[in-house]
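The chain contents come next:
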Amino acid sequence: MNLTKTAKGLSKMVTGARKKDRWKKYDIIIGFAMIGAFFCTFGGYSYFTAPSCAYGVIFLILQRYLHANWQIPPCRWGSAFLRFLAVAWLVFLIPTAFDLGRDKPWLYGVKKSLYIAGNYKERNDDLDFLPDKIPDCDNYYARFGAPMAGQDAQGWVNISFKTDAAGIDYLRSQAESRSGSYYHYPTGGERDETDSNLLGRLDNYAGLTALPNKSSGFTPTDIYTFTEEVRSSHKSCYILNAETGEVMLHW
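1. Considerations on the sheet that holds strand β5 (residues 237-240)
Two modes of strand pairing occur in sheets, parallel and antiparallel, and in both the strands are linked by backbone hydrogen bonds.
In step 1: As summarised here, the arrangement of the six strands in space is β1-β2-β6-β5-β4-β3, forming an open sheet in which the pairing is antiparallel. What marks the edges here is a single partner per strand, and that holds for β1 (137-145) and β3 (181-184). This sheet shows a mean twist of 10° between the axes of neighbouring strands, independent of strand direction.
In step 2: Bridge count for strand β4 (residues 222-225) against β5 is four bridges, and the pairing is antiparallel. Bridge pairing in β5 links Y224 to Y238.
In step 3: Taken strand by strand, helix α4 (residues 108-119) contacts β1 and β2 (156-163), and its axis lies near 10° from that of β1.

Printed below as a string of C-alpha cells:
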C-alpha cells in the first residue's frame with residue numbers, strides 16, 4: 001500500500017467535504033434571501049419579488065439534491081451555475097426593490113422602467129407624464145415608492161433637483177407634449193379667488209415642494225398638472241422655478 005497516495009486521497013476527501021459544507025451554507029443564505037425579498041418589500045415590486053420567492057424554494061430544493069451528489073462533477077458544475085444565476089438575480093433585485101441609487105440621475109430611465117414593470121402588468125397611464133430623461137442637474141434626489149400591502153395601491157413618485165434654463169425649457173416641452181395644464185402660482189399681490197378649488201390645489205402642490213427644500217426658501221412659480229381629478233395621495237405635476245432652477249416632479 002502506498003501511504004503517500006492514501007494520505008493525499010484522504011486529504012482531498014476532507015478538503016472536498018469542507019468545500020461542500022461551505023457552499024451548502026452559502027446556498028442556504030442565497031435561497032432564503034430570494035424568498036425573504038418578497039416579504040421584506042411588503043408587496044412592492046410584486047412582479048419581481050413574487051417569482052423570486054418561488055425561485056428561491058426551487059433553488060434550495062435543487063441545491064439540496066446537487067449537494068447530495070457532490071462527488072459527481074456535473075452536479076458540482078450545475079450547483080455552481082445555479083448559484084451564479086441566483087446571485088445575479090439578487091444583484092438586480094435588491095437595488096431595484098429597495099430603491100437604491102436615489103441620487104443618481106443617470107439611473108432615472110432604468111429606475112422608471114423597472115418601477116412600472118415591477119409594479120404594474122401594463123404601463124400605467126398615470127405615469128406617462130414623467131419626462132423621457134432628466135436634464136443636466138444638481139442635488140438630484142428621486143424616490144419611487146412601490147405600492148405595498150395595506151397602502152395605496154398606486155404607489156408614489158417624488159423627484160427633485162436643480163437645473164439650468166435649458167433644463168427648464170426641456171421640461172416645459174415635455175409637459176406640453178403630454179398635454180399638461182399650465183398654472184402660474186401667485187407669489188405676491190392679490191390672488192384671484194374665483195376658483196377656490198384651483199387655488200387650494202396649487203397651495204397643496206407648493207406645500208409638497210417645501211418638504212425637500214425647506215432651507216432654500218424655494219417658492220414654485222410654474223405648475224403643469226396632468227390629471228383631471230386630484231386625489232389625496234396622487235398629484236401628477238411638474239413644479240418649475242425658472243429663477244432658481246428648482247424642479248419637482250410628483251405623482
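2. Describing the packing of helix α2 (residues 46-68) against helix α3 (residues 73-97)
In step 1: The N-to-C vectors of α2 and α3 enclose an angle of 160°; their axes lie 10 Å apart at closest approach. When the axis of α2 is compared with that of α3, the two are roughly antiparallel. Considering only the axes of α2 and α3, their crossing is left-handed. The segment α2 lies against α3, with F48, T49, S52, F59, L62, Q63, L66 and H67 engaging C75, G78, S79, L82, R83, A86, W89, F92, L93, T96 and A97.

Rules and cut-offs
Residues numbered from 1 in each chain as written. Predicted model: local features only at pLDDT ≥ 70, side-chain atom pairs only at ≥ 80, totals over all residues. Heavy atoms only, no water. Pairing = 2+ DSSP bridges. Helix = DSSP H or I, 4+ residues; strand = E, 2+ residues; numbered from the N terminus. Axes fitted to C-alpha atoms, helices over the stretch in contact; angles between N-to-C directions. Contact = heavy atoms within 4.5 Å. Parallel < 35°, antiparallel > 145°, perpendicular 65-115°, else oblique. Left-handed = near helix turned anticlockwise from the far one by under 90°.

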